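Close look at the chain arrangement
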Amino acid sequence: MEQEEEGNMNRYRHRRCWRSLSFSSFPFRSSSSSSSSSSSSSRLYHHQQQRNNDQKKSGVYGLVGLHAPKDFDRLAADAIDRVNDIISDIKGQQEKKVLWKHRSNSTGGAGVVEENATGEKSIVHQLDEISDTICVVVDVAELCRNTHPDREFVQAAERTYLRLQNFVQTLNGNVDLYKSLVDAKIEEDESQTEELRRVAQTLRQDFERGGIHLTDEKRRKLEVHSDDALRHGFQFQQNLIDPRQIRQVELKNKEEIDAIPKWIYSRSKRGNQTLIPADHNTMNSILRVCDNREVRQQMYQAGNSSPEGNRLVLSKLLKSRNNAAEILGFSSHADFMTASMLSKTPNGAKVFLKDLSAQVRDIAGEEFKMLEKLQKQIANGGAQGSVRGWDILHLMRRIREKDDYPDINTVAQYFSLDGVIKGMNEFFGKVLGVEIVVDSLIPGESWCGEAIKKLRVTVPGTDTEGIIYLDLIPRQGKFPHAAHFVIRCGHRQRNGGTRQTASVALVCNFAAKSFSREILLTHQELETFLHEFGHAMHSVLSDTEFQHLSGTRGAMDYVEVPSHVFEYFAWDSNALHFLGRHYQTGEVMPAELLRKLKQSKRAFAAMDLQQQIVYALLDLELHSNQINVENSSEISKLASDIQSEHSFIPSEPGTSWELRFGHTVGYGSSYYSYLYAKCLSAEIWHKEFTNDKIEQGGCTILRDKMLKYGGSRDPAHILENVLGPNALEKSFDGGFYPNSSHLLKEFD
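Residues numbered from 1 in each chain as written. Predicted model: local features only at pLDDT ≥ 70, side-chain atom pairs only at ≥ 80, totals over all residues. Heavy atoms only, no water.

**Some details on the overall build of the chain**
A count of helices and strands for the chain gives 30 helices and ten strands. Relative to its 748 residues, the chain shows a buried fraction of 58%. A fraction of 76% describes how many contacts in the chain between residues 6 or more apart in sequence connect residues 24 or more apart. About 30400 Å² of surface is accessible on the chain, with carbon and sulfur atoms providing 46% of the total. (Helix = DSSP H or I, 4+ residues; strand = E, 2+ residues; numbered from the N terminus. Buried < 20%, exposed > 50% of the residue type's maximum accessible area, 1.4 Å probe, protein only. Contact = heavy atoms within 4.5 Å. Areas by Shrake-Rupley, 256 points an atom, 1.4 Å probe, with all protein chains shown as cover.)

**Some points on a negative patch on the surface**
Judged by side-chain charge, Asp 78, Asp 81, Asp 85 and Asp 89 come together as a negatively charged surface patch. Checked against the element boundaries, Asp 81 lands in helix α4 (residues 71-107). Of the residues examined, Asp 81 reaches a relative accessible area of 47% and is grouped as partly exposed. (Patch = residues over 30% accessible without salt bridge, like charges linked within 9 Å, V, L, I, M, F, W, Y side chains within 5 Å. Salt bridge = Lys/Arg side-chain N within 4 Å of Asp/Glu carboxyl O. Lys, Arg positive; Asp, Glu negative; His and termini not counted. Charge placed at Lys NZ, Arg CZ, Asp CG, Glu CD.)

**Looking at the side chain of His 148**
Structurally, His 148 can be placed in the loop between α5 (110-147) and α6 (151-172). From its side chain, His 148 meets the backbone nitrogen of Asp 150 in a polar contact 3.0 Å long. (Polar contact = N/O pair within 3.5 Å; in protein donor to acceptor, adjacent residues only side chain to side chain.)

**With respect to unusual backbone geometry**
The omega torsion across Ser 306 and Pro 307 is 5 degrees, close enough to zero to call that bond cis. On the secondary structure map, Pro 307 appears in the loop between α13 (293-303) and α14 (310-327). Phi is positive for Phe 604, which is not a glycine, with a value near 60 degrees. On the secondary structure map, Phe 604 appears in the loop between α23 (591-602) and α24 (605-622).

**Topic: the sheet that holds strand β5 (residues 452-458)**
Strand order in the open sheet formed by five strands is β4-β5-β6-β8-β7, with mixed pairing between adjacent strands. The open sheet has two edge strands with one neighbour each: β4 (435-439) and β7 (483-488). The sheet shows a mean angle of 25 degrees between the axes of neighbouring strands, taken without regard to direction. Note: β5 against strand β6 (residues 465-471), seven bridges, orientation antiparallel. Across the sheet, residue Arg 456 finds its bridge partner in β6, namely Ile 467. On top of the sheet, helix α19 (residues 417-432) reaches β4, β5 and β6; it is set at about 155 degrees to β4, its chief contact. (Pairing = 2+ DSSP bridges. Axes fitted to C-alpha atoms, helices over the stretch in contact; angles between N-to-C directions.)

**Some words on the environment of Glu 255**
For Glu 255, the location among the structural elements is in helix α10 (residues 254-258). With a relative accessible area of 59%, Glu 255 lands in the exposed category. Put simply, Glu 255 and Val 295 are 40 residues apart on the chain and 9.8 Å apart in space, counted from C-alpha to C-alpha.

As structure tokens, this is what we get:
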């Protein structure tokens, strides 16, 4: 049953350039600066120590030299030239290596061996520089095409994005680069740092996940299946917004028309007909507020049985993904995806999901009984006393209203955007030991005038520093959801150089309320803002040698954990003392109002969790190569069976909600990451942030044991360092999954 819970994942999509490009995995990821003074990022970006000198030449998004749309072409060409120079250097080093080997055999000279070892180590720095050189431009192009109000800038950014994407495809097929990395054998050299060996391992794995080690014939087949998967995924998403693919419901009498919101009726009038489109937002609005059960039923059935075109597209998408995985030596796409993540195996994630389902079932059952009781009262003993799929959101709304949950606008008065930003410095200074100040934008740096704000983050006593741009006000053509865009990664420069300043952009859409000229956040918007701010802090507080694994560049089922921890601050009285003050009086949010907020959070939380489990299990099972995905009826049966087994929300005959589950495309085999993050963040919160530890300033462990490492260490080791040696459970086949006990305690 595809309802509003699926949409909650939209706010958890932090932006990562390497996943934004049209191939699933490649060595040359975004973003930041290079490892040598001659790198392109040194030419393109201003550094803090040069800030005064660079004020005159800083460009849009902080990219020096970007002042007009045409500048993208030059910057892309410079990046490509620089990469080709690095490749030539690598080729020259390989030729020297042959000579060194010959000379070593002839003379047995130790100096030759030492010089050769230094050269082998440098290959990782050079590949990291290639990654950075490209992404220092393409990351800005990605952000620009999603945020710039000038259409010429957007079009130029899109051209640059595609140009560099095509260039990266040639790099991923460069056998000489791959052989240079493999021949260096850095992964096996225990004398090297853990980070260097991990970066080398990740680079090699990314090359191989692109098929570079395969025969020419297999590589061609892999390219065909990968391209097919991308094309089918794009078509799946296009069908979701194509009006021709969305079914409509015709309302034929006044009783039905009067039951729907006026704003829906006004835009659905077609001459003498009233045709209601069963798109996601319209369907859920009617399911929540419409008292006419027959109208709700029609909308539910129409919305959960279209787009019809996605039946064939979904089958082709799954088939292409599994074919590509098999060529790479994996038994399924789920095995391919999880191998490089915290879970290690799909079975580890499945064991976790099924165990969580069993533990939450009784609590969800009590919640469902509340819905059944209300439905029986509405039916007044009649035949319509059972709860159906089209009743769920409607019954939940009525119960919430009856229980006197706090008014959304009353709560928003405690969260003015300016007040929240102002309170962050003092609060996160206490929690993370950082200083956050609003900084002046350098002329030419903003992409939308005064709508853009800039925060400078520092850690006193260190050289750790970062920039967070805030683009929070909605406008036409802007990216419509909440997201964290990496502009430049912070990392330590090679050979004792200065630390590269990290830079990110938080993009949200917070509109002013009708009763206030200020931007006031709903409580859910505050939670979203803190989630994205968690990603930003992960980026700017990361302290790694290589940009390749800096900040949020790590396993998807791990990098969401810190941002989920940050969500807890929206519910904590200590945090709200700084972040939640009335926009007119300055008063702190009353304890009773916060209590009601927490009560509303728990309402039907177990049923919501069940539905997330259903989505995650279906995502894994569809990609596990266990059914004939070319038969769409088997896919629908699998979705129905999982729904019936793991949720009290009934699976309605004739519906196929999997046709609307868009995260199958973006989160293929990894939707479970959301629930991993919820459980791990709950344990971290209860271990490190309760019992007045925030008030005592004892929470810098989050900075020093998690955020600083980015993705440069095994996520399992990071979590064990924070939570203890038994932080993760282990499945029989070596998979890892979190303990859910702390999350379940929140349902008490």
